[in-house]
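# Residue-level structure breakdown
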Amino acid sequence: MPNGHFLTFSKDLPEGEKEDAARAYWTVVERTAADERFQYIVSAIGWWIGPVIALYVIGWTVGWVYSGFKTR
C-alpha cells in the first residue's frame, strides 16, 4: 500500500476480492486522513485566533483602566 502497510491475503482468494479489499482499506485511510487534517486545521486556527483575542481583550482592559484614571 502507498502508506507502507502490507495487506496479507490467503492464496486461494480471488484477485478481484483482493483488489476490492485493498480499495476499501485505502478508502478508510483517505477518510481518516481527511478527518485528521480537518481537526488539525481547526486546532491551528484556534491556537492562532486565541492569543489574538486574548491580546485584544488585555489591550481593551488596559485602555479602560487608563481612561478611568484620566483627569477630566
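Residues numbered from 1 in each chain as written. Predicted model: local features only at pLDDT ≥ 70, side-chain atom pairs only at ≥ 80, totals over all residues. Heavy atoms only, no water.

A tally of helices and strands in the protein yields 1 helix and 0 strands. The principal-axis extents of the C-alpha atoms in the protein amount to approximately 90 × 15 × 15 Å. For the protein, buried positions account for 3% of its 72 residues. Looking at the protein as shown, the accessible area adds up to about 6700 Å², and 67% of this sits on carbon and sulfur atoms. Looking at charge distribution, the protein has the averaged site of its 7 positive side-chain charges lying 20 Å from that of its 8 negative ones. (Helix = DSSP H or I, 4+ residues; strand = E, 2+ residues; numbered from the N terminus. Buried < 20%, exposed > 50% of the residue type's maximum accessible area, 1.4 Å probe, protein only. Areas by Shrake-Rupley, 256 points an atom, 1.4 Å probe, with all protein chains shown as cover. Lys, Arg positive; Asp, Glu negative; His and termini not counted. Charge placed at Lys NZ, Arg CZ, Asp CG, Glu CD.)

This part takes up the environment of Trp-48. Along the polypeptide, Trp-48 turns up in helix α1 (residues 15-69). Spatially, the C-alpha atoms of Trp-48 and Gly-4 are 33 Å apart, while their sequence positions differ by 44 residues.

So, about the side chain of Lys-18. The topology assignment puts Lys-18 in helix α1. For the buried residue Lys-18, which engages in no salt bridge, the nearest side chain bearing the opposite charge is Glu-15, 4.0 Å off. If near-sequence neighbours (up to four positions away) are discounted, Lys-18 is found in contact with Phe-9, Ser-10, Lys-11 and Leu-13. (Salt bridge = Lys/Arg side-chain N within 4 Å of Asp/Glu carboxyl O. Contact = heavy atoms within 4.5 Å.)

Relative to the elements of secondary structure, Tyr-66 occurs in helix α1. For the pair Tyr-66 and Phe-6, spaced 60 residues apart in the sequence, the C-alpha separation amounts to 65 Å.

Keep in mind these values describe shape, not function.
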